[in-house]
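Listed here are the chains, written in short residue letters.
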Amino acid sequence: MGFFDSLKDSLQEKTEKEATSNNNFDLEISATEEKIVELLTKIGRVYMEKHALDNNPEYVEYVKQIQILEEEKQILERNKLATQGLRVCEHCHQIITLDSAFCNKCGSKLNPIVVSSIDGKFCPSCGASLSEGDAFCTACGAKVN
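Owing to the predicted nature of the structure, the values given are computational and were not obtained by experimental measurement.

1. A look at the overall build of the protein chain
The number of helices and strands found in the protein chain is two helices and two strands. Each helix (α) and strand (β) of the protein chain, taken in turn from the N terminus, gives the series α-α-β-β. Of the contacts formed within the protein chain by residues at least 6 apart in sequence, a portion of 19% connects residues at least 24 apart. Carbon and sulfur atoms make up 56% of the accessible area of the protein chain, which totals about 11,500 Å².

2. Overview of the pattern of salt bridges
For the structure shown, the criterion picks out three salt bridges. The residue Glu38 makes a salt bridge to Lys42 at a minimum N-O spacing of 3.7 Å. Here Glu38 and its partner Lys42 are both found in helix H1 (residues 2–51), four residues apart, which amounts to about one turn of the helix. Residue Glu90 pairs with Arg87 through a salt bridge whose shortest N-O separation is 3.3 Å. Relative accessible area serves as the criterion here: at 36%, Glu90 is assigned to the partly exposed category. With a relative accessible area of 4%, Arg87 lands in the buried category.

3. Concerning the side chain of Arg87
Relative to the elements of secondary structure, Arg87 occurs in strand E1 (residues 86–88). Separated by 2.8 Å, the side chain of Arg87 and the backbone oxygen of Asn111 make a polar contact.

4. A word on the environment of Pro112
Among the structural elements, Pro112 can be located in the segment after strand E2 (95–97). In this structure the C-alpha to C-alpha distance between Pro112 and Ala101, which are eleven residues apart in sequence, comes to 7.5 Å.

5. Quick notes on a negative patch on the surface
Taken together, Asp5, Asp9, Glu13 and Glu16 make up a surface patch of like negative charges. Among the structural elements, Glu13 can be located in helix H1.

6. What to know about the confidence of the model for the protein chain
Across the protein chain, the average pLDDT comes to 81, with 86% of residues at or above 70. By mean pLDDT, the top-scoring element of the protein chain is E2 (90), and the lowest-scoring one is H1 (82).

7. Topic: the state of the cysteines
For the structure on display, the rule yields zero disulfides. Lacking any disulfide linkage, Cys89 is separated from the closest cysteine sulfur, that of Cys103, by 3.8 Å. Cys92 supplies the cysteine sulfur nearest to Cys103, a cysteine that is in no disulfide, at a spacing of 3.6 Å.

Conventions we followed
- Within every chain, residues take consecutive numbers counted from 1 along the sequence as written.
- Totals for whole chains, interfaces and linings use every residue, but because this is a predicted model, local features are given only for residues with pLDDT of at least 70 and side-chain atom pairs only at 80 or more, for both listing and counting.
- In computing side-chain properties, one takes all heavy atoms of the structure into account and sets aside hydrogens as well as water.
- Only runs of H or I of at least four residues qualify as helices and only runs of E of at least two qualify as strands under DSSP, and these elements are numbered from the N terminus.
- Whether two residues touch is decided by their heavy atoms; if any such pair falls within 4.5 Å, the residues are in contact.
- All accessibility values rest on the Shrake-Rupley procedure with a 1.4 Å probe; residue burial counts only the protein chains present in the view.
- Any Lys or Arg side-chain nitrogen found within 4 Å of a carboxyl oxygen on Asp or Glu counts as a salt bridge.
- To sort residues, take the accessible area from a 1.4 Å probe on protein chains only and compare it with the maximum for the residue type: under 20% means buried, over 50% means exposed, and anything in between is partly exposed.
- Polar contacts, as used here, are pairs of N or O atoms within 3.5 Å; protein pairs need one atom able to donate a hydrogen and one able to accept it. Residues neighboring in sequence count only if both atoms are side-chain atoms.
- Surface patches are drawn from residues lacking salt bridges whose relative accessible area is over 30%; two like charges belong together within 9 Å, two nonpolar side chains (Val, Leu, Ile, Met, Phe, Trp, Tyr) within 5 Å.
- For this count, His and the chain ends are skipped, Lys and Arg are scored as positive, and Asp and Glu as negative.
- Where a charge lies is defined by one atom per residue type: Lys uses NZ, Arg uses CZ, Asp uses CG and Glu uses CD.
- One confidence number per residue, pLDDT, is output by the predictor and ranges from 0 to 100.
- Disulfides are defined as cysteine sulfur pairs within 2.5 Å.

In structure tokens, the structure reads:
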């Protein structure tokens with residue numbers, strides 16, 4: 001039985017080495033894919049910066065979608081700060097209190113801020129967008145008016 005035991009041990013070691021080798025390859029493949037996605041993202045950002053207004057017809061819809069998402073992101077960021085009683089000075093980008101009439105860093109007169117969402121309502125607790133008639137926030141569960 002010694003021969004079969006050593007054969008079994010040898011096969012088991014070989015299987016473990018192959019599994020480890022395959023796992024290493026999988027990790028390297030995954031890391032390489034992440035690098036590819038990162039570079040594609042950089043290409044997209046450079047393209048958007050240079051050609052947002054004069055892009056090829058095949059990219060028009062993608063550019064519009066990105067611009068809409070950027071606007072939504074700005075609204076969400078503004079609402080997040082507003083729920084904390086804060087805002088950003090549009091001149092120097094300093095974070096200041098929401099009710100400030102002038103920036104305490106640059107002294108600029110500030111326009112009144114209107115806190116809203118895409119649909120016009122947001123959760124006072126977490127800043128998530130609300131739909132008409134919502135009694136509770138779907139993001140955090142807070143009761144809304």
